[in-house]
Every structure is written in C-alpha cells, then in structure tokens.
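# Remarks on the overall topology
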Amino acid sequence: MQVKTSKIALVITDGVGFRNYIMSDFLQEAKHQFQDIIIFSGLPKSCFEGFNVDNCTIEELEDFREPSKTWFFRKLKEVAHLQNHKKNNFGIRDNLRGNYPKSNSKRGVLTKLIFAWTYFFHSENWINIYNRCQQKTFKNNVTTKRYIALLKTHSPDIVYFTHQRPPYIAPLIYASEQTQTNTATFIFSWDNLASKGRMSGNFNYYFVWSHLMKSELLEFYKTITENQIKVVGTPQFEPYVLDRYNSTKKAFFEKFDLDEIKQTICYSCGDVSTSKNDDLYIKTIAEAIKQDTIKRPVNLLVRTSPAEEPTRFMHLKEEYPFIKWNCPKWKLTRDGHQETWSQRIPTIEDITDLKSVLAYTDISINMCSTMSLDAMFFDKPVINPVFGNKENGLYDDQRFLKFQHYKRVAESGAVAIVKDAVSLINEINSSLQNPNKRLEAQKQLLDLQISHPLKNTGKRIATIIKECIK
C-alpha cells in the first residue's frame, strides 16, 4: 500500500511575509510536518538563496494586474464591507473617507458610483454576491489557468497564504477552489480586521494572533465559524527569542556610535503616508537634548521605516548631527512591481539590528505603531506622541487613538499618550527615572494581543496547519 505524502504550498506575498515565515523557525519546523514544501512566491527566487529552502520547490507568482471587471467587483466587495461595519467603528469610517476618490477620472467616477450603490446594498449577503462575481472573472484568465496547472502538478494538501488581503492572490484562491485544494490564511496584522477592507477571498481556515482577533474575525465575517479559526500567535515577533539574531550591548553601541555612559532614546518612524509628523517629534526631542530639558544625559537613535527611503529626514541629519540613525537594511528585489514596497525584504543584519535596538535602548517612542508591542517584549517604556488634530493644522494623528485596535492600547495604560511637546519631554524624564511604572499593564496587553508565547511559534503554526489537512 502506497503511503500518501503530505504537501504544503506556502504563499509568500511580500517582504514581511518573507521575514515572518522564512526568517523565523517556521520553515524548519514545517519540514518536520510535511514531506514536500512548495513556495509560491511573490518575490524573485533569488531572494531565497542562503536560507533554509533545501528540498523546497519555489514557483514565482506573476505580478498580476487586475482586469477592469475584477477590479470592479473587488472594489464593490471592499467598500460594501466598510459600509456594513462603519457603525460605531471610527477606523472603518476613517478608511471609508480616505478611500473616497477626489478626482473625476473614469475610475474615480466609477468608484463614486460604487460608494453610492454600497451605501444601500452592503449586507453580508451582498458582499458574498460581489465576491462570487469577482471569482467568475477569473474563469478564462491566463494567470488563473497557469495557477490551476501548478496546483495540479504539485497537488498540495493545503495552500497556506501568509497574507489575506493583497488583490494579486485572488486568482490563486480561485485556482485552489477549482482544484478543490484546502486553503488557510494568516491574518497579517493586528489592525487588519478592525479597520481595513475585505479579504481577497474566502478560505477554509483562518490563523489569528489571539483570542481577541478570533472574536474580531467572527464579528466582521459572519459566515466564518469558530472551528475554522486557529489561534496560533504570530511569527512576526519570533526572532526576538531566536539566538541567531543576538548581538552584544557593546557591539550595539559601537555600531551606532552611541555613548555607553548615556541612556538611549529610540524614536521609530512610520512611513510618510500615516506618520507625517515624525520629523516634528524627532526635532522636539533633539531640541530638548540641546536645551538640557531632558534631565539625564541621553543618546537619540532614530530608526526609519523599512517601507521607504529616509530622504525626508535629511534636514534633521544636517541640523542635529548628534542624532544617530538606524536605516533598516531591506533590499529592493524587483523594480516596476505594482506595489514596490512589497518587494523589499529584510536582511539578517537588520533583524539583528532591530533586536539589539529593542534590547539595549531605554525608551521606545513611536506614533501608535506595532513597534509599541515590539518594545514591550523587552520591558521598555513606550511613549506615543500624537500632536496633530483637526484644529491645530498638523497632520491629524490623534484620530488613530479612536481606531478600535489602538483605542484598546491607549486605554490599557501600557503606553503613555502625549499630545504636546511639554508632555512628551515630561514623560521622557519620568520614564528614565521610573522605567517599570507601566510594566504590569504591558504584560496584560501582550497577553491580550498575542495569546501564545513567542517561543515555538513556528512549530505551533506548522503543527496546526498539518492538523487542518483532512
């Protein structure tokens, strides 16, 4: 009797998925669970050189450009989802406002019509109709036919998507449905359910960070049942418990030319689309250092966003030469892609740098980003400056405090929310003097947001994927 081997197709859509599943322990654990691993990659094959991909088959996904019909039904589905859940959800209403077109181009007018239509027709039943219509557009699509052929060639037992939202995975979801291949997806980020648009399609299983995220999934997707949801934690933070990314404190201070005698403040930037006031916050801290209103001697280290080049901070580099900079070493692997940011992947050096930044700095400051959670794993005080509102002319970042995922953080007491320069400097002084004052609240928040320990996250996910195979 022939023994059937188990196969997984792992879908890597972007650089963050690459970090989460290739640079964590997931892949080596998956090799214990599956006889064959096929990687469907939205990145070039060359990205995988030097990583633990021996005996894995790598198939490059196409840079799929949506036909107009596909775009139309996807947009109907996404806007209807937002319309359906906008009541009592500030983040979704903000997303709706932000997505309303400002131009009267052909697509802009069509989008306005979609907004008008879905204002009335946005129930879960209508959303499922739009999704079925979207899927029908793939029936004779060249990309879809190639993906169906790939699935028939490799015959995986399950296709595991490391991100649920990119529109370019939709033809692969359709191909999986046509070949009756089991699918699972990982909910990519902590804000994806409570403030973002609809997933690219339907899956058999949904892997989530926490029991909190499970409850959100059931709230926003009424057709999903509890037994389809697997609470696994997230591989996003697993490198923090992997020894191969360790660095010494001495090496850290030498690399970034920091004064070992001083304490160190780290400011982590977002990207310019959502964190436009970063230069103001950096300047505020730098001026306080110059004027000695920060009561202890400190270094200021700024980590820029890996999603963009740090050119917008050149004036600060010239004005404040004492600021030290950590510009993440993420490589752009492909030009001309429709979503250029997705083609940037981290280096081993950058993950090591990030871990040492978190371990050896004394205060973490950022504008309401996931980096707040990163710092909490290292028991660091976290400060969130949000100076902007509708009245003062600054970019309105105070509105993020009303987003469902971050309102919970702000109300937890795990972070200090500061709304002006004086409050920011006072909180820095307070945190330098008493770094553990929010420690208990931080531990409670981490337990809420990530329901499992970081250790063995890759093993846990690989094991549960194997259990999903019928």
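Refer to the structure printed above.
Report on the accompanying structure. (Residues numbered from 1 in each chain as written. Predicted model: local features only at pLDDT ≥ 70, side-chain atom pairs only at ≥ 80, totals over all residues. Heavy atoms only, no water.)

Working note: α-helix, 3.6 residues per turn, so residues spaced by three or four point in the same direction. Buried within helix α2 (residues 26-33) we find F26, L27, E29, A30 and Q33. Projected onto a plane normal to the axis of α2, the buried residues spread over an arc of 160 degrees and lie on a single side. Considering only its buried residues, α2 is in contact with β1 (7-12), α1 (15-22), β2 (36-41) and α19 (457-467). (Buried < 20%, exposed > 50% of the residue type's maximum accessible area, 1.4 Å probe, protein only. Helix = DSSP H or I, 4+ residues; strand = E, 2+ residues; numbered from the N terminus. Arc of directions from axis to C-beta. Contact = heavy atoms within 4.5 Å.)

Quick look at the sheet that holds β1 now. Strand order in the open sheet formed by 7 strands is β3-β2-β1-β4-β5-β6-β7, with parallel pairing between adjacent strands. The open sheet terminates on both sides in strands that have one partner only, identified here as β3 (56-60) and β7 (229-231). Neighbour-to-neighbour, the strand axes of this sheet turn through a mean angle of 20 degrees, independent of strand direction. Judged from the 6 bridges that link them, β1 and β2 form a sheet pairing that is parallel. The residue bridging A9 from the neighbouring strand is I38, located in β2. Where helix α10 (residues 211-220) meets the sheet, its contacts fall on β6 (205-208) and β7, and the angle it forms with β7 comes to roughly 160 degrees. (Pairing = 2+ DSSP bridges. Axes fitted to C-alpha atoms, helices over the stretch in contact; angles between N-to-C directions.)

At a minimum axis separation of 9 Å, helix α3 (residues 68-84) and helix α4 (residues 90-99) run at an interaxial angle of 140 degrees. The pairing of α3 with α4 is recorded here as oblique in orientation. Between α3 and α4, the residues in contact are K75, V79, L82 and Q83 and I92, N95, L96 and N99, respectively. Residues belonging to the contact of α3 with α4 are distributed by class as follows: 4 nonpolar, 3 polar and 1 charged. (Parallel < 35°, antiparallel > 145°, perpendicular 65-115°, else oblique. Nonpolar A, V, L, I, M, F, W, Y, C, P; charged D, E, K, R; others polar.)

Applying the stated criterion across every chain, the model contains 33 aromatic pairs. Measuring from ring centre to ring centre gives 5.9 Å for F64 and F138, while their planes differ by 55 degrees; the resulting arrangement is tilted. Residue F64 is found in the loop between β3 and α3, and its partner F138 is found in the loop between α6 (124-136) and α7 (142-154); the two are separated by 74 residues along the sequence. Here F64 matches F138 in class, with each residue buried. Judged by centre distance (5.9 Å) and plane angle (35 degrees), the ring pair of F313 and W325 falls under tilted. Of the two residues, F313 is situated in the loop between β9 (298-303) and α13 (314-319) and W325 in strand β10 (residues 324-326); the sequence distance between them amounts to 12 residues. Judged by relative accessible area, which is 1%, F313 ranks as buried. Judged by its relative accessible area of 16%, W325 is buried. A connected cluster of aromatic rings, assembled from ring pairs, spans Y21, F26, Y160, F186 and F207. The positively charged end of K276 is found above the aromatic ring belonging to Y395, 5.6 Å away from the centroid. The ring centre of W325 lies 5.4 Å from the NZ or CZ of K317, which sits over that ring. (Phe/Tyr/Trp six-rings, centres within 6.5 Å; stacked < 30°, edge-to-face > 60°. Lys NZ or Arg CZ within 6 Å of the ring centre and 35° of its normal.)

Let's shift gears to the side chain of Q33. Turning to its location among the elements, Q33 is positioned in helix α2. Here the side chain of Q33 touches T463 through a polar contact of 3.3 Å, side chain to side chain. In contact with Q33, other than residues within four places in its own chain, are S6, A462, T463 and K466. (Polar contact = N/O pair within 3.5 Å; in protein donor to acceptor, adjacent residues only side chain to side chain.)

The subject of this paragraph is a nonpolar patch on the surface. On the surface, a cluster of nonpolar side chains totalling about 460 Å² of accessible area is made up of W117, Y119, F120 and F121. Along the chain, Y119 falls in helix α5 (residues 106-120). (Patch = residues over 30% accessible without salt bridge, like charges linked within 9 Å, V, L, I, M, F, W, Y side chains within 5 Å. Areas by Shrake-Rupley, 256 points an atom, 1.4 Å probe, with all protein chains shown as cover. Salt bridge = Lys/Arg side-chain N within 4 Å of Asp/Glu carboxyl O.)

Here we come to the sheet that holds β9. One open sheet holds the 6 strands; their spatial order is β10-β9-β8-β13-β14-β15, and the pairing between them is parallel. The open sheet terminates on both sides in strands that have one partner only, identified here as β10 and β15 (416-418). In this sheet, neighbouring strand axes are inclined to one another by 25 degrees on average, regardless of whether the strands run parallel or antiparallel. As paired strands, strand β8 (residues 263-268) and strand β13 (residues 363-366) are joined by 4 bridges and run parallel to one another. Bridge pairing links I265 to I363 in β13.

Of all hydrophobic cores here, the largest spans 139 residues; its most connected members are F18, Y160, F207, I285, I294 and I428. Per element, the largest residue contribution to this core is 6 residues, and it comes from helix α12 (residues 278-290). When near neighbours in sequence (up to four residues on either side) are disregarded, F18 contacts I12, M23, L43, C47, F48, F51 and I345. In terms of nonpolar packing, the next biggest core, distinct from the first, is built from 7 residues, F252, F253, L301 and V357 among them. (Core = buried A, V, L, I, M, F, W, Y, C linked by side-chain atoms within 4.5 Å.)

With that settled, the discussion passes to the side chain of S176. Looking at the secondary structure, you find S176 in helix α8 (residues 170-178). Excluding its chain neighbours within four sequence positions, the residues that come into contact with S176 are L151, V159, T181 and T183.

This paragraph deals with the environment of L110. With respect to the helices and strands, L110 occurs in helix α5. Through-space distance from the C-alpha of L110 to that of F72 is 8.4 Å; in sequence the pair is 38 residues apart. Not counting the four nearest positions on each side in its chain, L110 is found in contact with W71 and F72.

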